[in-house]
Amino acid sequence: MNASGGGLAPEVRAILDAARERPGGDTRLSVDSRPFPDAVAATADAGRVPVIAEVKPTSPTTDGVRDDDPVELAREMVGGGATALSVLTEPEHFGGSTESLRRIREAVDVPVLRKDFILREEQLDAVESDLILLIARFVGEDLPDLVAAARNRGFQPLVEVHTREELTAALAAGADIIGVNNRDLGKLEVDLGTFEELAPEAPDDVLLVAESGVKTTDDVRRMREAGADALLVGTAIMDGDVRQNTENLTTQ
Ligand SMILES: O=P(O)(O)OC[C@@H](O)[C@@H](O)c1c[nH]c2ccccc12
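Residues numbered from 1 in each chain as written. Predicted model: local features only at pLDDT ≥ 70, side-chain atom pairs only at ≥ 80, totals over all residues. Heavy atoms only, no water.

Draft legend 1. A look at the UniProt feature "domain: Indole-3-glycerol phosphate synthase" (unreviewed entry) in the protein. As annotated in UniProt, the feature "domain: Indole-3-glycerol phosphate synthase" (unreviewed entry) corresponds to residues 12-249 in the numbering used here. In this annotation, residues 12-249 is assigned 39% helix and 16% strand; the end-to-end C-alpha distance for the span is 28 Å. (UniProt positions renumbered as here; feature names shortened; annotations may be inferred. Helix = DSSP H or I, 4+ residues; strand = E, 2+ residues; numbered from the N terminus.)

Draft legend 2. Quick peek at helix α10 (residues 217-225). Residues of α10 that are buried: Asp219, Val220 and Met223. Down the axis of α10, the smallest arc covering the buried residues is 100°, so these residues share one side. Contact partners of the buried residues in α10: α9 (193-198), β7 (207-211), β8 (230-233) and α12 (242-250). Immediately downstream of α10, the backbone of Gly227 shows phi near 110°, a positive value. (Buried < 20%, exposed > 50% of the residue type's maximum accessible area, 1.4 Å probe, protein only. Arc of directions from axis to C-beta. Contact = heavy atoms within 4.5 Å.)

Draft legend 3. Representation of the packing of aromatic side chains within the structure. Enumeration over the complete set of coordinates arrives at 2 aromatic pairs. Plain terms: the ring middles of Phe117 and Phe138 are 6.0 Å apart, the flat faces sit at 40° to each other, and that makes the pair tilted. Of this pair, Phe117 sits in the loop between β3 (112-115) and β4 (131-135) while Phe138 sits in helix α6 (residues 136-139), placing them 21 residues apart in sequence. Overall, Phe117 belongs to the buried group, its relative accessible area being 12%. The exposure class of Phe138 is buried, given its relative accessible area of 2%. (Phe/Tyr/Trp six-rings, centres within 6.5 Å; stacked < 30°, edge-to-face > 60°.)

Draft legend 4. Examining the sheet that holds β4 more closely. Within the closed barrel, the 8 strands sit side by side as β1-β2-β3-β4-β5-β6-β7-β8. Their pairing is parallel. Looking at each pair of strands side by side, their axes are set apart by 25° on average, direction ignored. Alignment of β7 against β8, held across 3 bridges, turns out to be parallel. Looking across to β8, one finds that Glu211 is bridged to Leu232. Strands β1 (51-55) and β2 (84-88) of the sheet are contacted by helix α3 (residues 70-79), whose axis makes an angle of about 165° with β1. (Pairing = 2+ DSSP bridges. Axes fitted to C-alpha atoms, helices over the stretch in contact; angles between N-to-C directions.)

Right, dumping it as structure tokens:
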């Protein structure tokens, strides 16, 4: 299944339709990016859990909108020990903006991931970030070209997969940072077993991120035992005291 949208939840289809229309930047970016693998290694060496904390004001699977200043949320996440931040820039379904990302990246010194639904090369040029998300299912056969286009601009691509076939495609495209999304974009249901199933299939030199559905320190332990080098956590951090939530999940 690729960008045609077949087999997807209606919410996800709407997100993709909007993403297809979104313009890119006018000039090709050249980013001086903060190395994510070094940040992960430094956190692990310090005996903490590498967590990418996600600034996600809302989502199709969340009730309500969190309208605190995104920069303030980002600072609290870093204060709570986040190794990196993920910032939604999708405006219509996640309450994100490229402006939030720009301000956050200026305010913190950890690597920042741009979370959006990139489908075309020019969309990489909308705003600078350190990491950029490419979703294997949505970009289909364009994945190798987009990975190369992202790297040529200085971004570190994080390729998101959910199935064995997508993992194979990500590896063939040369991805070295791979996120396994525990959420099935067909039904929007979360199963931490997805990461457990796919992680053993990835070579050791790939940096593996467990994405979605991590709520408790038991979930953290489970994903780490299954081979997660880092965890991407949104909802469980955004819900309540952001700094405290981050601290709880980064302390092992
Ligand atoms: O809120 P959660 O369950 O902790 O999930 C975070 C993150 O993995 C999720 O927001 C996500 C994973 N892949 C995405 C792609 C686009 C937008 C959002 C996402």
